[in-house]
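The residues making up each chain are set out below.
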Amino acid sequence: DKVITAWNGMMIGALARGGAILGDGILLAAAERAASFLRSNLYDEGRQTLKRRFRAGESGLAGQLDDYAALVAGLLELYQAGHDPEWLRWAITLTESQIRLFHDQEHGGFFDGAGDATLPVRLKGGYDGAEPAGNSVAAMNLSLLGTLTANEKWIEMSRTTVAAFAAALNAQPLALPQMLCAWQQTQAKPRQVVIAGPPGREDTVSLMATVFSLYDPGRIVLLAESGVNQQFLAASLPFLNQMGMIDGKATAYVCQDFTCQLPVHDPESLHRQLIPGTKPPK
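Residues numbered from 1 in each chain as written. Predicted model: local features only at pLDDT ≥ 70, side-chain atom pairs only at ≥ 80, totals over all residues. Heavy atoms only, no water.

(A) How the structure looks around the pairing of strand β4 (residues 58-62). Judged from the 4 bridges that link them, strand β3 (residues 49-55) and β4 form a sheet pairing that is antiparallel. Counted as the bridge partner of Phe54 is Ser59 from β4. Here β3 folds back onto β4 in antiparallel fashion, the turn holding 2 residues, of which Ala56 has a positive phi close to 55°. (Pairing = 2+ DSSP bridges. Helix = DSSP H or I, 4+ residues; strand = E, 2+ residues; numbered from the N terminus.)

(B) Geometry of the side chain of Asp128. By the element assignment, Asp128 lies in the loop between α4 (85-102) and α5 (134-148). Arg52 provides the closest opposite charge to the buried, salt-bridge-free Asp128, at an N-O distance of 14 Å. A distance of 2.9 Å separates a polar side-chain atom of Asp128 from the backbone nitrogen of Gln178. In terms of polar contacts, Asp128 uses its side chain to reach the backbone amide nitrogen of Met179, at 3.2 Å. Among all residues touching Asp128, those that are not within four sequence positions of it are Ala133, Ser136, Ala175, Leu176, Pro177, Gln178 and Met179. (Buried < 20%, exposed > 50% of the residue type's maximum accessible area, 1.4 Å probe, protein only. Lys, Arg positive; Asp, Glu negative; His and termini not counted. Salt bridge = Lys/Arg side-chain N within 4 Å of Asp/Glu carboxyl O. Polar contact = N/O pair within 3.5 Å; in protein donor to acceptor, adjacent residues only side chain to side chain. Contact = heavy atoms within 4.5 Å.)

(C) Representation of the nonpolar core. Core analysis: the largest hydrophobic core is formed by 74 residues, its most contacted members being Leu75, Leu78, Trp90, Leu94 and Leu222. In terms of residue count, the dominant contributor to this core is helix α3 (residues 65-82) (10 residues). (Core = buried A, V, L, I, M, F, W, Y, C linked by side-chain atoms within 4.5 Å.)

(D) Looking closely at the packing of aromatic side chains. Under the definition given, this model contains 5 aromatic pairs. Both rings, one in Tyr43 and one in Trp90, keep their centres 5.3 Å apart while their planes meet at 65°; by these two values the pair is edge-to-face. Of the two residues, Tyr43 sits in strand β2 (residues 43-44) while Trp90 sits in helix α4, which places them 47 residues apart along the sequence. Judged by its relative accessible area of 1%, Trp90 is buried. Relative to Phe258, the ring of Phe239 lies with its centre 5.4 Å away and its plane at 70°, an arrangement referred to as edge-to-face. (Phe/Tyr/Trp six-rings, centres within 6.5 Å; stacked < 30°, edge-to-face > 60°.)

Now the structure itself:
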(Lines give C-alpha, C1' and ligand atoms only; values in the text may rest on other atoms or scores of the structure.)
Protein backbone atom coordinates (compact mmCIF):
# COMPACT_ATOMS: atom_id res chain seq x y z
CA ASP A 1 0.00 0.00 0.00
CA LYS A 2 1.09 3.56 -0.69
CA VAL A 3 1.54 6.03 2.17
CA ILE A 4 0.84 9.71 1.48
CA THR A 5 2.26 12.14 4.04
CA ALA A 6 -0.65 14.61 4.05
CA TRP A 7 -3.29 11.90 4.45
CA ASN A 8 -1.37 10.33 7.31
CA GLY A 9 -0.95 13.70 8.99
CA MET A 10 -4.73 14.09 9.06
CA MET A 11 -5.11 10.51 10.30
CA ILE A 12 -2.60 11.12 13.12
CA GLY A 13 -4.60 14.14 14.26
CA ALA A 14 -7.88 12.21 14.15
CA LEU A 15 -6.48 9.26 16.09
CA ALA A 16 -4.87 11.49 18.70
CA ARG A 17 -7.97 13.59 19.27
CA GLY A 18 -10.17 10.50 19.32
CA GLY A 19 -7.88 8.90 21.88
CA ALA A 20 -7.99 12.02 24.06
CA ILE A 21 -11.78 12.40 23.88
CA LEU A 22 -12.53 8.71 24.45
CA GLY A 23 -9.69 8.07 26.88
CA ASP A 24 -8.53 5.32 24.51
CA GLY A 25 -4.82 4.59 24.79
CA ILE A 26 -4.96 2.27 21.78
CA LEU A 27 -5.91 5.15 19.48
CA LEU A 28 -3.18 7.36 20.92
CA ALA A 29 -0.61 4.59 20.49
CA ALA A 30 -1.69 4.15 16.85
CA ALA A 31 -1.19 7.87 16.25
CA GLU A 32 2.29 7.69 17.79
CA ARG A 33 3.23 4.70 15.62
CA ALA A 34 2.07 6.49 12.48
CA ALA A 35 4.07 9.61 13.38
CA SER A 36 7.15 7.50 14.12
CA PHE A 37 6.78 5.74 10.76
CA LEU A 38 6.64 9.04 8.88
CA ARG A 39 9.66 10.36 10.75
CA SER A 40 11.67 7.20 10.02
CA ASN A 41 10.67 6.76 6.38
CA LEU A 42 9.54 10.09 4.90
CA TYR A 43 11.68 12.66 6.71
CA ASP A 44 15.24 13.74 5.90
CA GLU A 45 16.72 14.69 9.27
CA GLY A 46 19.69 16.47 7.72
CA ARG A 47 17.73 18.64 5.31
CA GLN A 48 14.66 18.78 7.58
CA THR A 49 12.39 18.07 4.62
CA LEU A 50 9.57 15.63 3.89
CA LYS A 51 8.98 13.19 1.10
CA ARG A 52 5.45 12.88 -0.22
CA ARG A 53 4.90 9.16 -0.66
CA PHE A 54 6.19 5.78 0.50
CA ARG A 55 5.63 2.47 -1.28
CA ALA A 56 7.37 -0.89 -1.45
CA GLY A 57 10.09 0.23 0.91
CA GLU A 58 10.95 3.42 -0.95
CA SER A 59 10.08 7.08 -0.36
CA GLY A 60 9.80 9.57 -3.20
CA LEU A 61 8.66 12.96 -4.46
CA ALA A 62 9.37 16.18 -2.60
CA GLY A 63 6.77 17.07 0.02
CA GLN A 64 4.26 19.77 -0.88
CA LEU A 65 2.65 22.42 1.32
CA ASP A 66 -0.28 20.19 2.24
CA ASP A 67 2.13 17.47 3.45
CA TYR A 68 3.86 19.84 5.85
CA ALA A 69 0.69 21.59 7.02
CA ALA A 70 -1.34 18.41 7.55
CA LEU A 71 1.48 16.67 9.41
CA VAL A 72 2.09 19.68 11.66
CA ALA A 73 -1.65 19.81 12.45
CA GLY A 74 -1.56 16.12 13.32
CA LEU A 75 1.50 16.55 15.51
CA LEU A 76 -0.17 19.41 17.39
CA GLU A 77 -3.10 17.12 18.18
CA LEU A 78 -0.73 14.31 19.13
CA TYR A 79 1.26 16.59 21.42
CA GLN A 80 -1.82 17.85 23.25
CA ALA A 81 -3.14 14.30 23.66
CA GLY A 82 0.10 12.71 24.88
CA HIS A 83 2.26 15.69 25.98
CA ASP A 84 5.49 14.30 24.55
CA PRO A 85 7.59 17.38 23.71
CA GLU A 86 9.36 15.52 20.90
CA TRP A 87 6.25 15.85 18.73
CA LEU A 88 6.05 19.57 19.44
CA ARG A 89 9.73 20.00 18.60
CA TRP A 90 9.20 18.23 15.28
CA ALA A 91 6.14 20.37 14.51
CA ILE A 92 8.25 23.49 15.09
CA THR A 93 11.04 22.21 12.83
CA LEU A 94 8.61 21.27 10.06
CA THR A 95 7.00 24.70 10.25
CA GLU A 96 10.38 26.36 9.88
CA SER A 97 11.01 24.22 6.78
CA GLN A 98 7.53 25.00 5.43
CA ILE A 99 8.19 28.72 5.70
CA ARG A 100 11.58 28.39 4.03
CA LEU A 101 10.24 26.32 1.14
CA PHE A 102 6.79 27.73 0.41
CA HIS A 103 6.21 31.16 1.95
CA ASP A 104 5.27 33.98 -0.43
CA GLN A 105 7.13 36.90 1.11
CA GLU A 106 5.65 39.39 -1.34
CA HIS A 107 1.93 38.63 -1.18
CA GLY A 108 1.56 36.48 1.92
CA GLY A 109 0.36 32.92 2.22
CA PHE A 110 2.12 29.84 0.88
CA PHE A 111 2.69 28.34 -2.53
CA ASP A 112 1.56 24.74 -2.98
CA GLY A 113 5.00 23.64 -4.16
CA ALA A 114 8.60 24.68 -3.61
CA GLY A 115 10.37 26.99 -6.06
CA ASP A 116 11.58 25.21 -9.18
CA ALA A 117 13.15 26.81 -12.25
CA THR A 118 11.18 24.38 -14.45
CA LEU A 119 7.84 25.72 -13.15
CA PRO A 120 6.86 29.09 -14.66
CA VAL A 121 3.91 29.51 -12.26
CA ARG A 122 3.57 28.65 -8.58
CA LEU A 123 -0.01 28.07 -7.47
CA LYS A 124 -1.86 28.60 -4.19
CA GLY A 125 -4.78 26.30 -3.51
CA GLY A 126 -7.86 28.19 -2.38
CA TYR A 127 -10.55 25.57 -1.80
CA ASP A 128 -11.37 23.58 1.33
CA GLY A 129 -12.97 20.40 0.08
CA ALA A 130 -12.77 16.90 1.53
CA GLU A 131 -9.14 17.85 2.15
CA PRO A 132 -8.69 21.44 3.41
CA ALA A 133 -6.30 23.66 1.48
CA GLY A 134 -2.74 23.73 2.73
CA ASN A 135 -2.93 27.47 3.35
CA SER A 136 -6.02 27.06 5.53
CA VAL A 137 -4.34 24.44 7.70
CA ALA A 138 -1.08 26.38 7.78
CA ALA A 139 -2.83 29.54 8.99
CA MET A 140 -4.36 27.69 11.95
CA ASN A 141 -1.07 25.91 12.73
CA LEU A 142 0.87 29.17 12.77
CA SER A 143 -1.61 30.77 15.14
CA LEU A 144 -1.49 27.86 17.60
CA LEU A 145 2.27 27.29 17.35
CA GLY A 146 2.97 31.01 17.56
CA THR A 147 1.00 31.13 20.80
CA LEU A 148 2.70 27.99 22.16
CA THR A 149 6.17 29.34 21.46
CA ALA A 150 5.51 33.06 22.03
CA ASN A 151 6.54 33.65 18.40
CA GLU A 152 4.84 36.89 17.31
CA LYS A 153 6.23 36.54 13.78
CA TRP A 154 4.33 33.29 13.30
CA ILE A 155 1.14 34.78 14.74
CA GLU A 156 1.44 37.68 12.30
CA MET A 157 2.19 35.24 9.45
CA SER A 158 -1.06 33.48 10.28
CA ARG A 159 -2.89 36.78 9.86
CA THR A 160 -1.18 37.62 6.57
CA THR A 161 -1.95 34.13 5.25
CA VAL A 162 -5.65 34.69 5.91
CA ALA A 163 -5.40 38.18 4.42
CA ALA A 164 -3.93 36.72 1.21
CA PHE A 165 -7.26 34.96 0.66
CA ALA A 166 -9.47 37.88 1.72
CA ALA A 167 -10.97 38.36 -1.75
CA ALA A 168 -11.94 34.69 -2.01
CA LEU A 169 -13.31 34.68 1.54
CA ASN A 170 -15.47 37.73 0.85
CA ALA A 171 -16.71 36.44 -2.51
CA GLN A 172 -17.26 32.75 -1.64
CA PRO A 173 -16.84 32.08 2.07
CA LEU A 174 -18.39 28.61 1.77
CA ALA A 175 -15.42 27.56 -0.38
CA LEU A 176 -12.97 28.12 2.47
CA PRO A 177 -14.57 27.01 5.78
CA GLN A 178 -11.23 25.97 7.30
CA MET A 179 -9.74 29.35 6.41
CA LEU A 180 -12.70 31.00 8.15
CA CYS A 181 -11.85 28.96 11.24
CA ALA A 182 -8.28 30.22 11.01
CA TRP A 183 -9.54 33.80 10.64
CA GLN A 184 -11.72 33.33 13.73
CA GLN A 185 -8.69 32.05 15.61
CA THR A 186 -6.60 35.09 14.65
CA GLN A 187 -9.34 37.40 15.97
CA ALA A 188 -9.75 35.64 19.33
CA LYS A 189 -7.61 35.94 22.41
CA PRO A 190 -5.48 32.83 22.95
CA ARG A 191 -7.07 30.24 25.23
CA GLN A 192 -5.08 27.78 27.31
CA VAL A 193 -5.93 25.09 29.82
CA VAL A 194 -3.00 23.93 31.94
CA ILE A 195 -3.33 20.74 33.97
CA ALA A 196 -0.71 20.40 36.68
CA GLY A 197 -0.25 16.85 37.85
CA PRO A 198 1.57 13.56 37.25
CA PRO A 199 0.68 12.04 33.86
CA GLY A 200 -1.54 9.00 34.12
CA ARG A 201 -2.64 9.60 37.72
CA GLU A 202 -6.37 9.33 38.23
CA ASP A 203 -7.04 12.95 39.17
CA THR A 204 -4.88 14.25 36.30
CA VAL A 205 -6.66 11.98 33.83
CA SER A 206 -10.05 13.09 35.14
CA LEU A 207 -9.29 16.78 34.59
CA MET A 208 -7.88 16.09 31.12
CA ALA A 209 -11.00 14.12 30.22
CA THR A 210 -13.17 17.07 31.22
CA VAL A 211 -11.22 19.41 28.94
CA PHE A 212 -11.36 17.08 25.95
CA SER A 213 -15.08 16.42 26.44
CA LEU A 214 -15.76 20.01 25.31
CA TYR A 215 -15.10 21.03 21.70
CA ASP A 216 -12.92 24.11 21.30
CA PRO A 217 -10.58 23.88 18.29
CA GLY A 218 -8.65 27.03 19.18
CA ARG A 219 -7.90 26.00 22.75
CA ILE A 220 -4.42 24.76 23.70
CA VAL A 221 -4.16 22.00 26.32
CA LEU A 222 -0.88 21.81 28.26
CA LEU A 223 0.48 19.52 30.95
CA ALA A 224 2.62 20.89 33.78
CA GLU A 225 4.11 17.70 35.15
CA SER A 226 7.29 19.16 36.76
CA GLY A 227 9.36 17.34 34.14
CA VAL A 228 10.92 17.75 30.70
CA ASN A 229 7.66 18.77 29.06
CA GLN A 230 7.00 21.64 31.46
CA GLN A 231 10.64 22.74 31.20
CA PHE A 232 10.43 22.79 27.41
CA LEU A 233 7.22 24.83 27.41
CA ALA A 234 8.44 27.23 30.08
CA ALA A 235 11.42 28.21 27.91
CA SER A 236 8.91 30.08 25.72
CA LEU A 237 6.11 30.58 28.25
CA PRO A 238 7.78 31.48 31.58
CA PHE A 239 4.43 31.75 33.41
CA LEU A 240 4.28 27.94 33.34
CA ASN A 241 7.11 27.85 35.87
CA GLN A 242 4.60 29.10 38.45
CA MET A 243 2.01 26.42 37.78
CA GLY A 244 1.94 23.29 39.85
CA MET A 245 -0.25 21.09 41.99
CA ILE A 246 -1.91 22.59 45.05
CA ASP A 247 -2.26 20.52 48.25
CA GLY A 248 -0.85 17.53 46.41
CA LYS A 249 -3.86 17.37 44.06
CA ALA A 250 -3.95 17.66 40.27
CA THR A 251 -4.88 21.26 39.51
CA ALA A 252 -6.44 22.94 36.47
CA TYR A 253 -5.76 26.51 35.34
CA VAL A 254 -8.12 27.99 32.73
CA CYS A 255 -6.48 30.96 31.03
CA GLN A 256 -7.33 33.47 28.32
CA ASP A 257 -4.58 35.59 26.84
CA PHE A 258 -2.33 34.18 29.60
CA THR A 259 -4.56 35.56 32.38
CA CYS A 260 -5.82 32.66 34.48
CA GLN A 261 -8.88 32.05 36.62
CA LEU A 262 -8.57 30.63 40.11
CA PRO A 263 -7.14 27.10 40.06
CA VAL A 264 -9.57 24.20 40.58
CA HIS A 265 -9.22 20.53 41.46
CA ASP A 266 -12.49 18.84 40.49
CA PRO A 267 -13.99 18.17 37.05
CA GLU A 268 -17.30 19.95 37.82
CA SER A 269 -15.59 23.21 38.75
CA LEU A 270 -13.37 22.96 35.68
CA HIS A 271 -16.42 22.38 33.46
CA ARG A 272 -18.06 25.54 34.87
CA GLN A 273 -14.95 27.57 34.11
CA LEU A 274 -14.74 26.24 30.56
CA ILE A 275 -18.45 26.87 29.89
CA PRO A 276 -19.75 29.34 32.49
CA GLY A 277 -23.24 28.73 33.78
CA THR A 278 -23.33 25.03 32.91
CA LYS A 279 -22.86 21.73 34.68
CA PRO A 280 -21.24 18.61 33.24
CA PRO A 281 -23.66 15.89 32.08
CA LYS A 282 -24.20 13.06 34.54
